[in-house]
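# Analysis of the macromolecular model
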Amino acid sequence: MESKVTEVAPDVYRISTFHPDYQIQFNQFLIKDDEPFLMHTGFRRMFELTRAAVASVIDPATLRWIGFSHFEPDECGALNEWLGIAPQAQPVCSFVGSTVMLNDFADRPARPLNDNETFEIGRRRLRFLATPHVPHGWDAGLFFEETDRTLLCSDLFFHPGDPEPMTESDIIGRARESIIAGQKSPLAKDMPYTPYTHTTLQRLAGLEPQTLGLMHGSTYRGDGQKAILDWLR
Ligand SMILES: [Fe+2]
Ligand SMILES: [Fe+2]
């Protein structure tokens, strides 16, 4: 396996590794700034690959923030490996993620974020959105880079295979097809539709993102609001 690094928005680097066993991409997003931020650590067993890809952009030891949406091995499995090589690094996630998951799991305490809390990482400001059960997990949250309007959307709009790093064409159709195809799989029903789903997605659309950074699939550049509202139809 090897990781491909693509700058998908100014100073936002997509680190993509296609995993042949799963036949999907695992994408992390590195934001280069005074306090570098990494969204998702990737699997523990893929740490060396991710570390090498990060090293092509910044010195990995200078990583400051490690964000993730929800507690799963592809999102934060290599967290302790990262904490081991980056002395200033601290996990950032939802209060639930910090209290219920990381208090026991992480080698150093996380910084819990409130819904809608913002924090500066240098020239850029990130906004945290608590999004329980979107894409899935009680602890779920998402990060939004406000300057260039990049939404790091975790498993939302998942589509399989090893597609192009960036696209300006439809990702919603691909995501829909993958959910329909997935219903026959033992991994079906991964994205619940709860009483909060509709309002959460409307709220994400209201951010008017210009880039949707998908954890599994191509990054979308274009009218992110329209894409998210299309998903709701
Ligand atoms: Fe997930
Ligand atoms: Fe994922």
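Just above, that's the structure.
Residues numbered from 1 in each chain as written. Chains lettered and ligands numbered in written order. Predicted model: local features only at pLDDT ≥ 70, side-chain atom pairs only at ≥ 80, totals over all residues. Heavy atoms only, no water.

### What to know about the side chain of Ser-3
So the rule is basically this: Each helix is a run of H or I in the DSSP string that is no shorter than four residues. Each strand is a run of E no shorter than two, and both are numbered from the N terminus. Identification of polar contacts relies on pairs of N or O atoms within 3.5 Å, with a donor-acceptor requirement for protein atoms, meaning one able to donate a hydrogen and the other able to accept it, and with residues adjacent in sequence counted only if both atoms are side-chain atoms. Contacts are residue-level and defined by heavy atoms, with any inter-residue pair within 4.5 Å sufficient.
Inspection of the secondary structure assignment puts Ser-3 in strand β1 (residues 3–9). A distance of 2.7 Å separates a polar atom in the side chain of Ser-3 from a polar atom in the side chain of Thr-17. If we ignore the near neighbours within four places in the chain, the residues touching Ser-3 are Ile-15, Ser-16, Thr-17, Leu-49 and Ala-53.

### Here we look at unusual backbone geometry
Applicable threshold: Three exposure classes are used, based on accessible area relative to the maximum for each residue type with a 1.4 Å probe and protein chains only: buried under 20%, partly exposed in between, and exposed over 50%.
Backbone torsion omega between Val-134 and Pro-135 reads 0°, so that peptide bond is classified as cis. One can find Pro-135 in the loop between β9 (125–130) and β10 (141–145). A positive phi is found at Asp-11, a non-glycine position, where the angle reads about 65°. Within the secondary structure layout, Asp-11 lies in the loop between β1 and β2 (12–19). On the basis of relative accessibility, which here comes to 15%, the residue Asp-11 falls in the buried class. Residues other than glycine seldom take positive phi values, yet Arg-149 does so here, at roughly 60°. Looking at the secondary structure, you find Arg-149 in the loop between β10 and β11 (150–152).

### A word on the pairing of strand β6 (residues 90–94)
What counts is decided by this rule: Strand pairing follows a simple DSSP-based rule, namely that at least 2 bridges must link the two strands.
Here β6 lies mainly inside the structure; four of its five residues are buried. Summarising the sheet, strand β5 (residues 65–67) and β6 pair through three bridges and their orientation is parallel. Opposite Gly-67, over in β6, you have Val-92 as the bridge partner. Of the pairings in the sheet, the one linking β6 to strand β7 (residues 111–113) comprises three bridges and is parallel in character. Bridge pairing links Cys-93 to Pro-112 in β7.

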